[in-house]
Amino acid sequence: MDERQIGRLLLDEHEELSIQVLMRVWERLEGYQPPRIARDELLAAVRANIRSVLGRLAGEPIEDDNLDEPRARELGTSRALQGLQLADMVMSFRVAERLLMDAFLERAESLEPTAVQRGLHTMAETFDRLSGWVVEAYRETQQELTSHFDRAASDLVSALVSGDISTDVLVKQATALGLDPDGTYQALALVTGPGEDISRRAARLHREVLGVVAEGVRGRILSAATRGAQLFVLPTELDTRRMDALVKVLRRHPGLAPAMAAAPAEPSLLTAGRSCRRALAALSVAPAGTVIRYDDVLLPVMVDQAEDVAQRLRERFGGLLEDAPHLQATVEAYYGANMSIRDAAVALQMHPNSVAYRLDRLHDQTGLDPRQPRDLLALALAGMAVRAARRRDGQDA
């Protein structure tokens, strides 16, 4: 068996694979959900793309790109007209690519490494070509539709987040928006908790945040909704005074359970996407009512980004920490106090003997001794994983 034979086997399963991709896209990308995009329309697009990729993998005769390219460009135009975010569209291709590669690898155990490499390369190359046409058509349509700076700014932020933008295109869009490509840019992400009819209050919160960050700023502030959050790209770097002012703004809106995260500033707009992605990553572990800096939450972010590690930590210790929040608070306080029972007791406002008793309980119930640095780190990371999961689920953390 070679990679082409596996391609033909997968072609026989392309309908089932298409439905799996559809479900994952719906699960992970809000922009694709009805009524914006109908199920049958999305499934037809997914089916066609998967059929093209698997056809190339199976070595079917290739007439030319005269069929794939027009269809892909039509899809890009359609998605732009539907108002889909560029980042979501690009991510949908990555979801499909990952699923097909996993399906291929599951059946490729007996293949030679070179055959496996050829198969993966063929699929990646085809996905890149299809998504390239789609993205190109999407951008062309957006340029035609974009008559206002706010829409153009939103598109630019989405492209920065996805990283799928060329230097030439970025410079042209920056110039059109009056931005300095060589200026300093810092990303700030904002999220609000779950709830009904909060759009008006959230809009007020956004205005208050902009009022704080815009003080003394020269240049346009980019803003866009992406990945469930509001992302601001500032042509400056926030100082401590304005960070403190943002905390006060959040505290005026407790019903929204807001949280914010600031990433390190970048020296140019060309690298500002890194600041955007870091702000969003830090936001996933930010407790409600706080404004955190990316550099202050590197460990929680690392755990949250390592999905399999975080899941295993929650499996082992999450139940205990969720059912006994006082034990989680003890782990956090003891870890934050550099293993000082006395300092942890001060933070928890209790007697040191009570802290010691809780540490003993943790030892008894987990088998890990929090008095040992290695075991304490494991428990602290588990607590971080639990907190991040609660934030993603829309619960107070």
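Look above for the structure.
Predicted model only: the values in this text are computed from it and were never measured.

**Here's the deal with empty space enclosed by the protein**
Thinking step 1. For the structure shown, the criterion picks out 1 cavity of 30 Å³ or more.
Thinking step 2. Size it by volume and the largest cavity reaches roughly 160 Å³.
Thinking step 3. Lining the largest cavity are 15 residues, and of these Tyr32, Val46, Asn49, Ser92 and Phe93 lie nearest its centre.
Thinking step 4. When residues of the lining of the largest cavity are traced back to their parent elements, those giving at least two are helix H2 (14–28), helix H3 (39–57), helix H4 (68–81) and helix H5 (86–106).
Thinking step 5. Ranked by residues supplied to the lining of the largest cavity, first place goes to H3 with 5 residues.

**A short note on unusual backbone geometry**
Thinking step 1. In this structure, Arg227 takes a positive phi of about 50° despite not being glycine.
Thinking step 2. Note on Arg227: relative accessible area 48%, which makes it partly exposed.
Thinking step 3. Phi angles above zero are rare outside glycine, and Asn338 is one such case at about 55°.
Thinking step 4. Under the relative-accessibility criterion, Asn338 is labelled exposed at 68%.

**Regarding the pairing of strand S3 (residues 229–234)**
Thinking step 1. Among the 6 residues that make up S3, 6 are buried, leaving the element largely enclosed by the rest of the structure.
Thinking step 2. Burial of the side chains of S3 extends over both faces: Ala229, Leu231 and Val233 are buried on one face and Gln230, Phe232 and Leu234 on the other.
Thinking step 3. Pairing of strand S1 (residues 186–191) with S3, which is carried by 5 bridges, proceeds in the antiparallel orientation. Across the sheet, the residue bridging to Gln186 is Leu234, located in S3.

**What to know about helix H12 (residues 298–305)**
Thinking step 1. Taken as a whole, H12 has its buried residues at Pro300, Val301, Val303 and Asp304. Seen along its axis, H12 keeps its buried residues to an arc of 160°; they face one direction. Seen from the buried face of H12, the exposed residues on the opposite side, beyond 90 degrees, are Met302 and Gln305.

**Some details on the packing of H12 against helix H13 (residues 307–323)**
Thinking step 1. One can describe the packing of H12 onto H13 by two numbers: an axis separation of 5 Å at closest approach and a directional angle of 95°. As the angle between them shows, H12 and H13 are arranged roughly perpendicular. Here Val303, Asp304 and Gln305 of H12 come into contact with H13, specifically with Glu307, Ala310 and Leu313.
Thinking step 2. Considered class by class, the residues forming the contact of H12 with H13 number 3 nonpolar, 1 polar and 2 charged.

**A closer look at the nonpolar core**
Thinking step 1. If you look at the biggest cluster of nonpolar residues, it comprises 85 residues, and the most contacted ones within it are Tyr32, Leu100, Phe104, Leu156, Leu231 and Leu269.
Thinking step 2. Among the elements that make up this core, the one with the highest residue count is H5 (11 residues).
Thinking step 3. Setting aside its immediate chain neighbours within four residues, Tyr32 contacts Val25, Trp26, Ile37, Leu42, Arg79, Leu84, Asp88, Met89 and Ser92.
Thinking step 4. Leu320, Ala324, Tyr334 and Ala345 belong to the second largest nonpolar core, which has 25 residues in total.

**What to know about the sheet that holds strand S5 (residues 291–293)**
Thinking step 1. Within the open sheet, the 5 strands sit side by side as S2-S3-S1-S4-S5. Their pairing is mixed. The open sheet has two edge strands with one neighbour each: strand S2 (222–226) and S5. On average, each strand axis in the sheet is tilted by 20° relative to the strand beside it, whichever way the strands run.
Thinking step 2. Note that strand S4 (residues 259–262) and S5 share 3 bridges and pair parallel. In the strand pairing of S5, Met260 is matched with Val291.
Thinking step 3. With respect to the sheet, helix H7 (residues 149–162) is in contact with S2 and S3, its orientation differing from that of S2 by roughly 65°.
Thinking step 4. Helix-sheet contacts for helix H11 (residues 272–283) involve S1, S2, S3, S4 and S5, and the interaxial angle to S1 is about 30°.

**A short note on the pairing of S1**
Thinking step 1. Burial analysis of S1 places 6 of its 6 residues in the buried class, the great majority of the element.
Thinking step 2. Every second residue of S1 is oriented toward a common face, with Gln186, Leu188 and Leu190 on one face and Ala187, Ala189 and Val191 on the other, all of them buried.
Thinking step 3. For S1 and S4, the ladder comprises 4 bridges, and the chain directions are antiparallel. Within the sheet, the bridge partner assigned to Leu188 lies in S4 and is Ala262.

**Regarding the pattern of salt bridges**
Thinking step 1. If you walk through the whole model with that rule in mind, you get 22 salt bridges.
Thinking step 2. Across the pair Arg371 and Asp360 runs a salt bridge, and its minimum N-O distance is 2.9 Å. Of the two residues, Arg371 sits in the loop between helix H16 (352–366) and helix H17 (373–392) while Asp360 sits in helix H16, which places them 11 residues apart along the sequence.
Thinking step 3. Arg371 sits in the partly exposed class, given a relative accessible area of 29%.

**Notes on the environment of Gly211**
Thinking step 1. With respect to the helices and strands, Gly211 occurs in helix H9 (residues 199–213).
Thinking step 2. Judged by relative accessible area, Gly211 falls into the partly exposed class, the value being 48%.

**What to know about the packing of helix H14 (residues 325–336) against helix H15 (residues 341–348)**
Thinking step 1. Viewed as axis vectors pointing N to C, H14 and H15 meet at an angle of 125°, and their least axial separation amounts to 8 Å. In this view, H14 runs oblique relative to H15, as classed from their interaxial angle. Here H14 runs over H15; the crossing is right-handed. Packed against H14, whose contacting residues are Ala329, Thr330, Ala333 and Tyr334, the element H15 presents Ile341, Ala344, Ala347 and Leu348 at the interface.

**Here we look at the side chain of Thr141**
Thinking step 1. With respect to the helices and strands, the residue Thr141 is situated in helix H6 (residues 113–145).
Thinking step 2. Among the polar contacts listed, one links the side chain of Thr141 to the side chain of Thr77, at a separation of 3.3 Å.
Thinking step 3. Setting aside anything within four residues of it in sequence, one finds Thr141 in contact with Thr77, Ala80 and Leu81.

The rules we used
- Residues numbered from 1 in each chain as written.
- Predicted model: local features only at pLDDT ≥ 70, side-chain atom pairs only at ≥ 80, totals over all residues.
- Heavy atoms only, no water.
- 1 Å grid on protein atoms, 1.4 Å probe; cavity = no way out; pocket = protein on both sides within 12 Å on 5 of 7 lines; lining within 4 Å.
- Points joined across faces, edges and corners; volume = space filled by probe spheres on them.
- Helix = DSSP H or I, 4+ residues; strand = E, 2+ residues; numbered from the N terminus.
- Buried < 20%, exposed > 50% of the residue type's maximum accessible area, 1.4 Å probe, protein only.
- Pairing = 2+ DSSP bridges.
- Arc of directions from axis to C-beta.
- Axes fitted to C-alpha atoms, helices over the stretch in contact; angles between N-to-C directions.
- Parallel < 35°, antiparallel > 145°, perpendicular 65-115°, else oblique.
- Contact = heavy atoms within 4.5 Å.
- Nonpolar A, V, L, I, M, F, W, Y, C, P; charged D, E, K, R; others polar.
- Core = buried A, V, L, I, M, F, W, Y, C linked by side-chain atoms within 4.5 Å.
- Salt bridge = Lys/Arg side-chain N within 4 Å of Asp/Glu carboxyl O.
- Left-handed = near helix turned anticlockwise from the far one by under 90°.
- Polar contact = N/O pair within 3.5 Å; in protein donor to acceptor, adjacent residues only side chain to side chain.

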